[in-house]
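Observations on the three-dimensional arrangement
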Amino acid sequence: MPRLSDGLAITAACIFIFLAAYRIELPGLYMNELDFVNAAQGAPDNTMIYMRLGPVPLLVFPYIGALKAWIYTPIFRLFGVSALTIRLPVILIAAVTLLIFYQLMRAKLGAIWAAVAVWIMAVDPANLFPSRLDWGPTVLMHFFQAAILALWFSYRDKPELWKPALIFVCFGLGFFDKFNFIWLVSAFAIGICLCYPDSLKNLWVSLPRFARWIAVILVLIAVGATLYLVLPLLLHFHPTIRARATGFQVKWDGLLQTLSGVAVARLIFGNSNGMILFAPFWLIVTDCSLALACLFFPMLDAEARENRKNGFFCLLIGLLIFLQIIITPQAGGPHHYSMIFPLPLLGFAFLARSLYTQLAWKNLRRLAALLLGVAAVFVFAVNVHNTTVYLSHFRTNSHYNPRWSPEIYSLSDYISEHGFEAKSVICVDWGLHNQLHALAPKKLRRRMHDYWPAFKELENRNREKQTATLHYFFPVGKSFVVTFAASKETFPETRRNFLASVASDPALKSRLVKEFWFGGEKIYELYEVVRWPHAT
């Protein structure tokens, strides 16, 4: 049976890779999906570089580290930048994460239970969709999450000091990858204090006195650094964000939509027609019911008590993460709620196994096995259905959110071919620059600029400052300007301000060079702006 379950787990990982890599170029590359690419290419310019350590990129954003960029550096050097080289590595990392979760469950629940759970996870849209696109980013987050849980449960079975040390390393790497990993770190710390005080006490007693002092100092340094880095980010937000994004119902709906795959489908395609939304809700309801049953059911078996504790631990971590998302004004996207995956499923598996182990009568065990089997088949079927509906869009649906449009490849090819004819290639709206910059030839990247923040605020400046800005953006000669088509803009004022300012400046002459269409919709516009020498 262990060999069979291992084979099933590997097969599930392969199925996951196949599904996640299906028509891997679709949807089109997304702005935030490529935040790390310039850093991975050595950061020759400051595109998406927030902090360096000498020449080495350290942060690509105020709250996102360059860990992913460091991983991708040899990949891009060997194979170049494309949709395949951007998306396939994270899909493979996500498949490894699945196998880590499998090994965790196999050690605690048994081969059959682990194989069933990993197959459910392999076709889960909450896992497939973010892993394919990883715009959060979320793949390394889940990898470190799985490693931390696996190491902790392994420590419970066989206490060895290197395991907590490695957990601490995973904490650091996960936080460096993205600062909101602190949600998991804090939830995990509270969880082990409440659920496993005996293990904490034994760990402390087993440490030499010198090691205890080192541990305390490292923890204090980590807490201080975290507060120093995170608090300014929490305090720096627009006041309207809090009123709009922190309602419990809004975030509860966001969680359910993310765990069902609906949120990502709506983000990319604009709709989630045909997808089933209610499965995560009933999974969480079932988790709560099992938790209550375990509280009141006498647990005479040591294995049942341990699995009950593990189930409570997983549910507590998920609850604490969700509470932190609620109180974080900036949180609310699918990539935030994704951190809770797969904790509801793990909680279900541990609690169900605990009750199943405790049932002494064979007839009750058979009934319990039947009910659990039906539940597993139901969740698996819903996941397969939602994943099938999502993937079918790549064959039948030509409508995409403009930020995810596959037409970005045609635009990039045109810019790469004709970009050297212009002194600069300017993006005037959010959602274009990173893709064009990443896919462009190396020498052309130096001419590419992302000026959407300036164009967004251009109408608020006086005429003198507008003229000075336009002189800076458009030097003597020809420039290319890329924007979304009307009604497709991320910020409508960027396109409007660009057209109005160029039309009102007698030193500039502009014309529409090319339109880019996909599925019967105009997505992008490419303008040529010329400043003559005598006009300066």
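Residues numbered from 1 in each chain as written. Predicted model: local features only at pLDDT ≥ 70, side-chain atom pairs only at ≥ 80, totals over all residues. Heavy atoms only, no water.

Turning our attention to the nonpolar core. Counting residues in hydrophobic clusters, the biggest one holds 139 residues, and the most contacted among them are Leu149, Phe188, Phe313, Ile321 and Tyr390. A per-element tally of this core places helix α4 (residues 83-109) first, with 13 residues. Beyond its immediate stretch of four places on either side in the chain, isoleucine 321 contacts Trp183, Leu184, Ala187, Met339, Ile340 and Leu343. Counting residues in each nonpolar core, the second largest holds 15 residues, with Val428, Leu458, Val481 and Phe498 among its members. (Core = buried A, V, L, I, M, F, W, Y, C linked by side-chain atoms within 4.5 Å. Buried < 20%, exposed > 50% of the residue type's maximum accessible area, 1.4 Å probe, protein only. Helix = DSSP H or I, 4+ residues; strand = E, 2+ residues; numbered from the N terminus. Contact = heavy atoms within 4.5 Å.)

A few words now on the environment of proline 62. If you trace the backbone, proline 62 turns up in the loop between β2 (56-61) and β3 (64-65). You can call proline 62 partly exposed: its relative accessible area is 29%. Spatially, the C-alpha atoms of proline 62 and valine 230 are 9.4 Å apart, while their sequence positions differ by 168 residues. The residues touching proline 62, leaving out its near neighbours within four places in the chain, are Tyr50, Phe179 and Leu233.

Read across the open sheet, the three strands follow the order β1-β2-β3; overall the sheet is antiparallel. Looking at which strands have only one partner, the edges of the open sheet turn out to be β1 (51-53) and β3. With two bridges connecting them, β2 and β3 associate as antiparallel partners. Following the sheet pairing, phenylalanine 61 is matched in β3 by isoleucine 64. (Pairing = 2+ DSSP bridges.)

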